[in-house]
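Spelled out, the chains give:
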Amino acid sequence: MILNNITDCIGNTPVVELKDDLVSEGKKLYLKLDYFNPNFSVKDRTAYGLVQAAFHEGRLKRGGVLIESTSGNLGKSLAMLGAVYQFKVIIVVDPKISSTVLNWYKAYGAHVEMVKEPAEKGGFQQARITRVKQLLEQYPEAYWPNQYDNPDNPSFHYVTTAKEIVELSVDSVVGAVSTGGHLCGIGKRVKEERANMKVVACDVKGSAVFDQQFRPYLINGVGLSWRGNNTDIKVIDQVSIASDKQAISTCNLIAKEHGIMVGGSGGLVIFTALAWLNQSNCSSAVAVIPDAGVNYLDQIYNEEWRKEKGLDIMDRAQLKANLDQQLFMVPEEKKESLSV
């Protein structure tokens, strides 16, 4: 098959069964490897959906300007699309970003804006948003996709990613939450087509998406210092909060023992999915893996970086013990609606 351009390579990502003793006996865990998108991230889907909607509605045109805040992956995807569709891309990042990813942006021709100091409340994420708003004053005709609140984000995943999920023979789906776009888009369609299928959201300790108290954390691509409008509690059945250590330990174990190298958010999702199968009545789950470990070779897969951060990874036995103790909860807002 000869494709029209690189955007035709987005989507239809593979699913691999994780065969490991950490998977509860008699149960199945499948990994939806969304790092098989061109830029090794589910954000290729998100970016494509946002850009296509903006073109359709006249908010973005060839020769125009797009400005967005990102912790890494969405910026790569938007920069690629800027090269394909010939619009200028300005990416606002913070010091947590990998130098490799910065070079990725520049290779596509994007301009990078780096915020140096975190906001007093909301950390670097809020500082990035503040900078985006300043740039929009300089470029009044620019388009801000605003992945956190733009309904085009979950809508695109509802139509595309979710279709690939509901076709699988599983009774639960586990995904990470940052903007809420991909998991809640999937969750909405799952609830419409397979109401008994459980949607499990995972987040990292320190994020304020489900916990109002924000604290800095290490892994990228997950969590926020606030809750975006795209996080739709109605489609989420359970929430679990895991640590940097649990996520990064899972990443390293899966890479060394299965040859599957995922990003920190992927480690978070796999850890949560393993714990979910261990503790719930569900017999199978698909874990949506947002990005690839290749983005973090100088971070979570680098022993010197881990030592610098004071993080010792856990072995298999320690991870198993953590799975048994991991907590799951119904979102507070959902509890309130159920009690009415």
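Residues numbered from 1 in each chain as written. Predicted model: local features only at pLDDT ≥ 70, side-chain atom pairs only at ≥ 80, totals over all residues. Heavy atoms only, no water.

**Quick notes on empty space enclosed by the protein**
Scanning all chains against the criterion turns up 3 cavities of 30 Å³ or more. Within this model, the largest cavity holds a volume of roughly 120 Å³. Forming the boundary of the largest cavity are 16 residues, of which Lys43, Ser178, His182, Gly221 and Pro290 lie nearest the centre. Among the residues forming the lining of the largest cavity, the class breakdown is 5 nonpolar, 9 polar and 2 charged. (1 Å grid on protein atoms, 1.4 Å probe; cavity = no way out; pocket = protein on both sides within 12 Å on 5 of 7 lines; lining within 4 Å. Points joined across faces, edges and corners; volume = space filled by probe spheres on them. Nonpolar A, V, L, I, M, F, W, Y, C, P; charged D, E, K, R; others polar.)

**Focus: the sheet that holds strand E5 (residues 111–114)**
Ordered by their spatial adjacency, 3 strands build an open sheet running E3-E4-E5, and the pairing between neighbours is parallel. Edge positions in the sheet fall to strand E3 (65–69) and E5, since each has one partner strand and no second. The mean angle between the axes of side-by-side strands here comes to 20°, regardless of whether they run parallel or antiparallel. This element, helix H2 (residues 73–85), spans E3 and strand E4 (88–93) of the sheet and lies at about 170° to E4. (Pairing = 2+ DSSP bridges. Helix = DSSP H or I, 4+ residues; strand = E, 2+ residues; numbered from the N terminus. Axes fitted to C-alpha atoms, helices over the stretch in contact; angles between N-to-C directions. Contact = heavy atoms within 4.5 Å.)

**Description of the pattern of salt bridges**
Side-chain pairing between opposite charges can occur once the charged atoms of the two side chains come close. Under the defined criterion, the tally for this structure stands at 16 salt bridges. Between Arg128 and Asp94 there is a salt bridge whose closest N-O contact spans 2.5 Å. Remark: Asp94 occurs in the loop between E4 and helix H3 (99–107) and Arg128 occurs in helix H4 (residues 123–138); sequence separation between them is 34 residues. Its relative accessible area of 3% is what places Arg128 among the buried residues. In this structure Asp94 comes out as buried when scored by relative accessible area, which is 5%. Of the charged contacts, one joins Asp232 and Lys234 as a salt bridge, the two residues approaching to 3.0 Å between their closest N and O atoms. Residue Lys234 is classed as exposed on the basis of its relative accessible area, which comes to 66%. Ionic contacts of the salt-bridge type, sharing partners, join the residues Lys32, Asp34, Arg45 and Glu164 into one network. (Salt bridge = Lys/Arg side-chain N within 4 Å of Asp/Glu carboxyl O. Buried < 20%, exposed > 50% of the residue type's maximum accessible area, 1.4 Å probe, protein only.)

**So, the sheet that holds strand E7 (residues 198–204)**
Spatially, the 6 strands line up as an open sheet ordered E1-E2-E9-E6-E7-E8, and their pairing is mixed. The open sheet is flanked by strand E1 (15–17) and strand E8 (238–242), the only strands paired with a single partner. Neighbour-to-neighbour, the strand axes of the sheet open up by a mean angle of 25°, direction not taken into account. Pairing between strand E2 (residues 28–33) and strand E9 (residues 284–289): 6 bridges, direction parallel. Opposite Lys32, over in E9, you have Val288 as the bridge partner. Relative to E7, helix H9 (residues 264–279) is tilted by about 130°, and along the sheet it contacts E2, strand E6 (172–176), E7, E8 and E9.

**Points about the pairing of E4**
Counting buried positions along E4 yields 5 of 6 residues, so the element is predominantly enclosed. The parallel pair E3 and E4, bridged by H2, forms a crossover whose chirality is right-handed. As judged from the 4 bridges shared by E4 and E5, these two strands associate in the parallel manner. The partner of Ile91 across the bridge, within E5, is Val112. Each parallel crossover has a hand, and the one from E4 via H3 to E5 is right-handed. (Right-handed = clockwise from strand over helix to strand, strands pointing away.)

**As for the packing of aromatic side chains**
Tallied over the full model, the rule gives 8 aromatic pairs. For the pair Phe55 and Tyr85, a centre-to-centre distance of 5.7 Å together with 65° between the ring planes defines the contact as edge-to-face. Of this pair, Phe55 sits in helix H1 (residues 43–57) while Tyr85 sits in helix H2, and the two are 30 residues apart along the sequence. Look at Phe55 and you get partly exposed, because its relative accessible area is 24%. (Phe/Tyr/Trp six-rings, centres within 6.5 Å; stacked < 30°, edge-to-face > 60°.)

**A closer look at the layout of surface pockets**
Taken as a whole, the largest pocket encloses approximately 560 Å³ of empty space. The set of elements that each furnish at least two residues to the lining of the largest pocket consists of H2, H4 and helix H10 (303–308). Broken down by element, the lining of the largest pocket gets its largest block of residues, 4 residues, from H4. When the residues that make up the lining of the largest pocket are grouped by side-chain class, the tally is 14 nonpolar, 13 polar and 6 charged.

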